[in-house]
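Descriptive analysis of the structure
What follows is the residue order along each chain.
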Amino acid sequence: MNLSMLKADKTVKQQVAPSAKKRKNKETFEAYLYLLPSLIIFTVFTFFPAFFSMVVSTFRWNLPGKAMFIGLENYIYLFTDAIEAPIFWQSLGNTFYFAVGVPINLIISLLLALLLNRKIRGVGVFRTAFFLPTITSTAAISVVWLWLFHPAQYGLFNSILISLGIPIQSWLRDPLLAMPCLIAMGIWSGMGYNIIIFLAGLQSIPSTYYEAAKIDGANTFSLFRFITWPLLGPTMFYVLTVGIINSLKAFTEIDVMTQGGPLNATNTTAYYLYQNAFQFFQMGKASAIAVLLFLLMLLLTWIQFRFVDRSVHYE
Amino acid sequence: MSSLTMADAALKRKRVARKRLVNGAQNGVWFLVVCALAFAVMLPFIWMIVTSLKSPTEVFAYPPTWIPKEFQWSNYVEMWNKAPFGRYFMNSAIVAICVTIGQLTSCVLAAFAFARMEFKGKNVMFMIFLSTTMISSQVTLVPTYLVMRTLNWIDSYQALIVPFLANGFGVFMLRQSFRTIPKELEEAAKLDGCSRFRFLWQILIPLSKPILASQALFAFMGNWNSYQWPLIITNQDSMRTLQIGLRYFVSGEGSTQWGIYMAAALVVTLPVIIIYFLVQKTFVESMASTGLKDI
């Protein structure tokens, strides 16, 4: 019986070898069938456009006209042309200016998360309050803030200024104030997301760490400095880089509230790209801007991966 | 001796009581601080609602009033009649629902292959899928528009739906979740003669309901709130989504009807807020673990 079983086993094994390969091939075929829907969409709407973007950037193509190959002229034009270059540089500057909101947001969110991490009655209600701006559509909140920033005395912010004895401001119509206004709104609307991430991070720190430190006589500040801060480090770095990458893409609030004005004060690179493509219909130049913006984002993503790998070492 | 312990106990009790009092006072202060901050954060929403119920003259009154003298419900009727908001609403709903269903389907299929199958080129394919999350929509904006123009898809539902039917990040999240389901389950099912697709459909999907729900939620909300692509790809009023309709509604008409604008902004916001309150718990939890993906 044993022998016959062994024999049978042997024959099975001999048969298995070719059929296993066949089965493997079959499995590969089936797997690609599962991947197919995604692959088609990615090819047509992500990879091809990304590649095509680089091609178009070497053409002069003003819709509805025909495309003409001009090599790197679009790029040279963006960086050196007497009229174009200052606007382009200003747009890059504005992009980074707008990104200043991200670290500010980080600090405010961290403080609020620490506050909400305390055992306060009705904490869920407060979390919802801070979170609501995040899920509301940017178009809608931009309309609301447009009204809050109304330059007349009945605008809410101006009426508050008056009651404080400060002269009224024209907010979004003032080239110096327009960007800080957008940043303020960005902080308000982005806070909720950061708070949720920070709360999750705070709650993942074992309470035994705090208890042990308290027994050793640590005060509130050193608890924060030597436990919370280092253990929350990777989370903060993640939130910071993702926030900056997202701020480079900001479009909706600029389009609804300022259209890049006044005097290009809020014209970021992403908005400048849109203007060139869909207001001036210069597809070649817009594509060159897109390629440059992409390189910038790639650089930031690379930094993120590099440093996150290095800094996630706890536990 | 016993009186000493009694005094000791009394002292201890007193100390505990005092500590509790201090703690209570401290918590009370923090409670007030959080209340004040929450109020400040809610202020724009409150102001939106208040303004949406004011008459045109009261909107421009100085100093501003916090409770409308006369509730102007007609603002909502007027807003609805002034622009085809019903149509915008329908467009947004059609697009968001189609994208959610389509994206979830393509993500589930791809994630299943990555999590549960062995095939040639798996790692390379996975890297390709992940790399899509790094290519932002700004970069593909112009070429995708040109493709749509060639296909004659401008002002169509296809243009609003099809580009969003795949999501590399969603595939990644679902793959992570599918991998946690024990292999033995699949082997047992296989022994019982269950095909691979049936295993996915009848066992894996029901077991992954929470993650599927949160992915669906992100897809729906991201698409409902999306702005730039619909702005570019639609020209006709009849094809606009709610967000774009709101934008043209506000910028198109003079600048005196803030009551009506705020009513419109509230109506645009409401569906997502309602959904949020319905599924708050899933939402916050999944956001903490996955992160929100913007379109």
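Before any of the text, the structure's been laid out above.
Residues numbered from 1 in each chain as written. Chains lettered and ligands numbered in written order. Predicted model: local features only at pLDDT ≥ 70, side-chain atom pairs only at ≥ 80, totals over all residues. Heavy atoms only, no water.

This next bit is on the overall build of chain B. Counting its regular elements, chain B contains 15 helices and zero strands. Considering only C-alpha atoms, chain B reaches an extent of 90 × 70 × 35 Å along its principal axes. Taking the contacts inside chain B whose residues are at least 6 apart along the sequence as the reference set, 72% of them involve residues at least 24 apart. Taken as a whole, chain B presents about 14600 Å² of accessible surface, with 65% of it coming from carbon and sulfur. Considering chain B, the positive charge centre built from 26 side chains and the negative charge centre built from 14 side chains are found 10 Å apart. (Helix = DSSP H or I, 4+ residues; strand = E, 2+ residues; numbered from the N terminus. Contact = heavy atoms within 4.5 Å. Areas by Shrake-Rupley, 256 points an atom, 1.4 Å probe, with all protein chains shown as cover. Lys, Arg positive; Asp, Glu negative; His and termini not counted. Charge placed at Lys NZ, Arg CZ, Asp CG, Glu CD.)

Let's shift gears to the overall build of chain A. The number of helices and strands found in chain A is 13 helices and two strands. The C-alpha atoms of chain A give a radius of gyration of 28 Å, which is well past the 20 Å a tight globule of 315 residues would have. A principal-axis box enclosing the C-alpha atoms of chain A has dimensions of 100 × 75 × 30 Å. Positive and negative charge centroids in chain A, built from 21 and 13 side chains respectively, lie 11 Å apart. (Rg over C-alpha atoms; globule rule 2.2 N^0.38 Å.)

All names here are of chain B. Together, Lys12, Lys14, Arg15 and Arg18 line one region of the surface with positive charge. For lysine 12, the position within the fold is in helix α1 (residues 2–52). Under the relative-accessibility criterion, lysine 12 is labelled exposed at 58%. (Patch = residues over 30% accessible without salt bridge, like charges linked within 9 Å, V, L, I, M, F, W, Y side chains within 5 Å. Salt bridge = Lys/Arg side-chain N within 4 Å of Asp/Glu carboxyl O. Buried < 20%, exposed > 50% of the residue type's maximum accessible area, 1.4 Å probe, protein only.)

Under the criterion given, the structure shown has 43 aromatic pairs over all chains. With centroids separated by 6.4 Å and ring planes inclined at 50 degrees, the aromatic side chains of tryptophan 80 of chain B and phenylalanine 89 of chain B adopt a geometry described as tilted. For tryptophan 80 of chain B, a relative accessible area of 38% translates into the label partly exposed. Taking the relative accessible area as the measure of exposure, phenylalanine 89 of chain B reaches 29% and is therefore partly exposed. Taken together, a centroid distance of 5.3 Å and an interplanar angle of 75 degrees make the contact between phenylalanine 85 of chain B and tyrosine 88 of chain B edge-to-face. One end of the pair, phenylalanine 85 of chain B, and the other, tyrosine 88 of chain B, are both in helix α4 (residues 85–116), three residues apart, so they sit about a helical turn from each other. The same class applies to phenylalanine 85 of chain B as to tyrosine 88 of chain B, namely buried. The rings of Trp147 and Tyr154 of chain A together with Phe60, Trp80, Phe85, Tyr88, Phe89, Phe220, Trp224, Phe249, Trp258 and Tyr261 of chain B are connected pair by pair, giving a single aromatic cluster. (Phe/Tyr/Trp six-rings, centres within 6.5 Å; stacked < 30°, edge-to-face > 60°.)

By volume, the second largest pocket is sized at about 1100 Å³. Leu114, Asn117, Arg118, Thr220 and Leu223 of chain A are, among the 23 residues lining the second largest pocket, the residues nearest its centre. Those elements that provide at least two residues to the lining of the second largest pocket are α4 (101–116), α9 (207–215) and α10 (220–248) of chain A together with α1 of chain B. With five residues, α10 of chain A is the largest single contributor of residues to the lining of the second largest pocket. Here the lining of the second largest pocket is composed, by residue class, of twelve nonpolar, seven polar and four charged. (1 Å grid on protein atoms, 1.4 Å probe; cavity = no way out; pocket = protein on both sides within 12 Å on 5 of 7 lines; lining within 4 Å. Points joined across faces, edges and corners; volume = space filled by probe spheres on them. Nonpolar A, V, L, I, M, F, W, Y, C, P; charged D, E, K, R; others polar.)

Let us look at the side chain of serine 208 of chain B. Residue and element names in this part refer to chain B. Summarising the element assignment, serine 208 is placed in the loop between α10 (196–207) and α11 (209–224). Taking relative accessible area as the criterion, serine 208 reaches 2% and is therefore assigned buried. In terms of polar contacts, serine 208 uses its side chain to reach the backbone carbonyl oxygen of leucine 204, at 2.8 Å. Setting aside residues no more than four positions away along its own chain, serine 208 makes contact with Ser177, Phe178 and Ile181. (Polar contact = N/O pair within 3.5 Å; in protein donor to acceptor, adjacent residues only side chain to side chain.)

Ranked by internal contacts, the top residues of the largest apolar core, which has 166 residues, are Leu35, Phe130, Trp145 and Met283 of chain A together with Phe85 and Phe129 of chain B. Here tryptophan 145 of chain A is in contact with Phe157, Met185, Trp188 and Met257 of chain A together with Pro44 of chain B, once residues within four sequence places are set aside. Counting six residues, the second largest nonpolar core, distinct from the first, contains Ile205, Tyr210, Ala213 and Leu231 of chain A. (Core = buried A, V, L, I, M, F, W, Y, C linked by side-chain atoms within 4.5 Å.)

Residues and elements named next belong to chain B. In this structure the tally under the stated criterion is zero disulfides over all chains. For cysteine 107, which is in no disulfide, the shortest distance to another cysteine sulfur is to cysteine 98 and amounts to 16 Å. The exposure class of cysteine 107 is buried, given its relative accessible area of 2%. (Disulfide = S-S within 2.5 Å.)

What follows covers the environment of tryptophan 171 of chain A. All names here are of chain A. Here tryptophan 171 shows up in the loop between α7 (156–163) and α8 (178–203). Residue tryptophan 171 is classed as buried on the basis of its relative accessible area of 13%. In the structure, tryptophan 171 is positioned 14 residues away from phenylalanine 157 in sequence and 9.2 Å away in space, judged by C-alpha atoms. If we skip the residues at most four places from it in the chain, tryptophan 171 touches Phe149, His150, Phe157, Asn158, Leu161, Leu177, Ala178 and Cys181.

Let us look at the side chain of threonine 301 of chain A. Along the chain, threonine 301 of chain A turns up in helix α13 (residues 283–311). With a relative accessible area of 11%, threonine 301 of chain A lands in the buried category. The contact partners of threonine 301 of chain A, leaving out residues within four places of it in the chain, are Ile245 of chain A together with Met134 of chain B.

Here the focus is helix α2 (residues 73–80) of chain A. For α2 of chain A, the full list of buried residues reads Asn74, Tyr75 and Leu78 of chain A. Down the axis of α2 of chain A, the buried set is contained in an arc of 100 degrees. They therefore lie on one face. (Arc of directions from axis to C-beta.)

Attention shifts here to α4 of chain A. For α4 of chain A, with 16 residues, the first-to-last C-alpha span of 22 Å sits near the 22 Å given by 1.5 Å per residue. Along α4 of chain A, the residues that are buried comprise Gly101, Val102, Asn105, Leu106, Ser109, Leu110, Leu112, Ala113, Leu115 and Leu116 of chain A. (Expected span 1.5 Å × (residues − 1).)

Here we come to the interface of chain B and chain A. Contact residues are listed per partner, giving 91 residues for chain B and 85 residues for chain A. Taking both sides of the interface into account, the surface hidden between chain B and chain A amounts to around 8000 Å²; carbon and sulfur atoms contribute 78%. Where chain B touches chain A, the interface holds three salt bridges. Note that glutamate 30 of chain A and arginine 196 of chain B form a salt bridge whose closest N and O atoms lie 2.8 Å from each other. The element contributing the most residues to the side of chain B that touches chain A is α1 of chain B, with 17 residues. Residue composition of the side of chain B that touches chain A, by class: 66 nonpolar, 19 polar and six charged. (Buried area = accessible area lost by both parts, 1.4 Å probe.)

This part covers the pattern of salt bridges. Per the counting criterion, the structure on display carries eight salt bridges over all chains. The partner of glutamate 186 of chain B in a salt bridge is arginine 116 of chain B, with the nearest N and O atoms 3.1 Å apart. With glutamate 186 of chain B in helix α9 (residues 183–191) and arginine 116 of chain B in helix α4, this residue pair connects regions lying 70 residues apart in the sequence. In this pair, the class of glutamate 186 of chain B matches that of arginine 116 of chain B, namely buried. In the salt-bridge network here, residues are joined through shared partners; they are Glu27 and Glu30 of chain A together with Arg196 of chain B.

Taken together, the side chains of Phe29, Leu33, Leu36, Ile40 and Val44 of chain A make up a nonpolar region of the molecular surface, amounting to roughly 460 Å² of accessible area. Note on phenylalanine 29 of chain A: relative accessible area 58%, which makes it exposed.

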